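Structural features, examined
Chain by chain, the residues:
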Amino acid sequence: MLEIELKFGVPDAIMAELKRKYADEKENDLIVTKPYPLNPPYYAWGDPRSKYDVLKSEGKDYWVYKVSKGKAMNWVHDH
């Protein structure tokens, strides 16, 4: 199931549009922020994960980051 996290005051009103646009996304979760032009808030500039999609909603831009799903790890059994 796709998990969407809204950060930095992004309104809940765009949630339906995000679910519709990214309905096919199975491998990643989404973090949505307001535009932050100086550098990406989650990854270093130049990191391939720092790419974002721009979503326009109600005349405003929002940045949508695809982030990998977390994996629970059992240290004893995985190593």
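Residues numbered from 1 in each chain as written. Predicted model: local features only at pLDDT ≥ 70, side-chain atom pairs only at ≥ 80, totals over all residues. Heavy atoms only, no water.

**Things to note about the nonpolar core**
The biggest cluster of nonpolar side chains holds 10 residues, and these are I4, V10, I14, L18, Y22, L30, V32, L55, Y62 and V64. Aside from chain neighbours lying at most four places away, what touches I4 is M15, L18, K19, L30 and V32. (Core = buried A, V, L, I, M, F, W, Y, C linked by side-chain atoms within 4.5 Å. Buried < 20%, exposed > 50% of the residue type's maximum accessible area, 1.4 Å probe, protein only. Contact = heavy atoms within 4.5 Å.)

**Comments concerning the side chain of E25**
Looking at the secondary structure, you find E25 in the loop between α1 (15-21) and β2 (28-33). Residue E25 is classed as buried on the basis of its relative accessible area, which comes to 15%. Looking at E25, its side chain comes within polar contact range of the side chain of N28, at 3.0 Å. The contact partners of E25, leaving out residues within four places of it in the chain, are L2 and K66. (Helix = DSSP H or I, 4+ residues; strand = E, 2+ residues; numbered from the N terminus. Polar contact = N/O pair within 3.5 Å; in protein donor to acceptor, adjacent residues only side chain to side chain.)

**Considering the confidence of the model for the chain**
Chain-level statistics for the chain give a pLDDT mean of 79 and a share of 70% at 70 or above. When mean pLDDT is compared element by element in the chain, α1 scores highest at 91, while helix α2 (residues 75-78) scores lowest at 62. (pLDDT = per-residue confidence, 0-100.)

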